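# Structural overview for review
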Amino acid sequence: MPLVNMVDNGIVIRRLMVAGYSLKEANSMFGQLTGMAMSIINLPAVITTAMSMSLVPSISQAYALGNKDKARKDTLSAVKVTLIIVLPCAFGMASLAGPIMKLLYPAEPSSVGVILFTLTPCVIFLGLIQTLTGILQGMGKAIVPVIALIIGMTFKITISYTLTAIPSINVLGSALGTVTAYTVAAIINIAYVKKAMGVKFSKREFIIKPLITVISMFAAVKLAYFVTSPMLGNTIATLLSIIVGAVVYVVVLLGIGAITEEEIKTMPKGDKIYKVLKKVRLIK
């Protein structure tokens, strides 16, 4: 994240001025990107960072004891739980990007919502990077995520430098560069973990079920906002839609069996979450 900020600080304002924007306009757009949109994008990282830290001793212990089966099992659970956390955050932000920014920054133009929408894939890939970094550190391969991010940053520099100077793209060029950097780094980390550990990620468990859940949530959120915003206004409609999305997500997630008791307990405060779900009879 500091690397991303360094690149943005060095490129964005200068390239926006090349595109024809004044220094004042460039500074304003830069603030919308880094001070507003990216600050929201980084919020889910609080959870994935906590989980990443907990993985290091677990994976390293399994490796020290030569128990690769446990290491593989912990890896699969951690990646799946990460997806279960970051996918609804990303899809939720994408579905309400404009309303969220209007709620938080009512004086800003609607373009700030477009910036948030463009950045939402970062939530997924940044979360995966953090979890995979914990796994790789546990394996004694701490240099791998560093190299992966450096490679990702070369893509960011190229894309941000090129696209930000195009007037019709402007600050979205930097956003697309950030998305690309995290995507490339996450793919490299996943490929290394798969090869080094010999793990296989089931399409049904890691792609199909999570996508069914978040698409259902996305549709519910969009519908809730569409129905309530004309009557209740943006603020209440946005908050209500977030609640609707959360309820739909949990119900569908548990309804199609996309998460197990063991995986719930892998989450930060997982034992308490499981007890609550069991108490309200959302899980057996």
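Each remark here, short or long, concerns the structure printed above.
My aim in this report is to walk through the structure given alongside it, one point at a time. All values reported here derive from a predicted model rather than from experimental measurement.

### Details of the pattern of salt bridges
Summed over the entire model, instances satisfying the criterion amount to six salt bridges. Here Asp74 and Lys70 are joined by a salt bridge, their closest N and O atoms 2.7 Å apart. One end of the pair is Asp74 and the other is Lys70, both in helix α4 (residues 68-95) and four residues apart, which spans about a single turn. Here Lys209 and Glu205 are joined by a salt bridge, their closest N and O atoms 3.2 Å apart. Of this pair, Lys209 and Glu205 are both found in helix α10 (residues 203-255), four residues apart, which corresponds to roughly one turn of the helix. Salt bridges sharing partners connect three or more residues here, namely Lys80, Arg204, Glu205 and Lys209.

### As for helix α6 (residues 111-119)
Given 3.6 residues per turn, any residue in an α-helix points the same way as the ones three and four places further on. Residues Val112, Gly113, Ile115, Leu116, Thr118 and Leu119 constitute the buried set of α6. Contacts made by the buried residues of α6 are with α2 (23-41), α5 (97-104), α7 (121-138) and α9 (172-197).

### Remarks on the packing of helix α3 (residues 45-64) against α4
Contact geometry of α3 with α4 gives a least axis separation of 9 Å together with a crossing angle of 175°. In this view, α3 runs roughly antiparallel relative to α4, as classed from their interaxial angle. Here Ile47, Thr48, Met51, Leu55, Ser58, Ile59, Ala62 and Tyr63 of α3 lie close against α4, whose contacting residues are Lys68, Lys70, Ala71, Asp74, Thr75, Ala78, Val81, Thr82, Ile85 and Val86. Looking at the contact of α3 with α4 residue by residue, the class counts come to eleven nonpolar, four polar and three charged.

How each quantity is defined
- Residues numbered from 1 in each chain as written.
- Predicted model: local features only at pLDDT ≥ 70, side-chain atom pairs only at ≥ 80, totals over all residues.
- Heavy atoms only, no water.
- Salt bridge = Lys/Arg side-chain N within 4 Å of Asp/Glu carboxyl O.
- Helix = DSSP H or I, 4+ residues; strand = E, 2+ residues; numbered from the N terminus.
- Buried < 20%, exposed > 50% of the residue type's maximum accessible area, 1.4 Å probe, protein only.
- Contact = heavy atoms within 4.5 Å.
- Axes fitted to C-alpha atoms, helices over the stretch in contact; angles between N-to-C directions.
- Parallel < 35°, antiparallel > 145°, perpendicular 65-115°, else oblique.
- Nonpolar A, V, L, I, M, F, W, Y, C, P; charged D, E, K, R; others polar.

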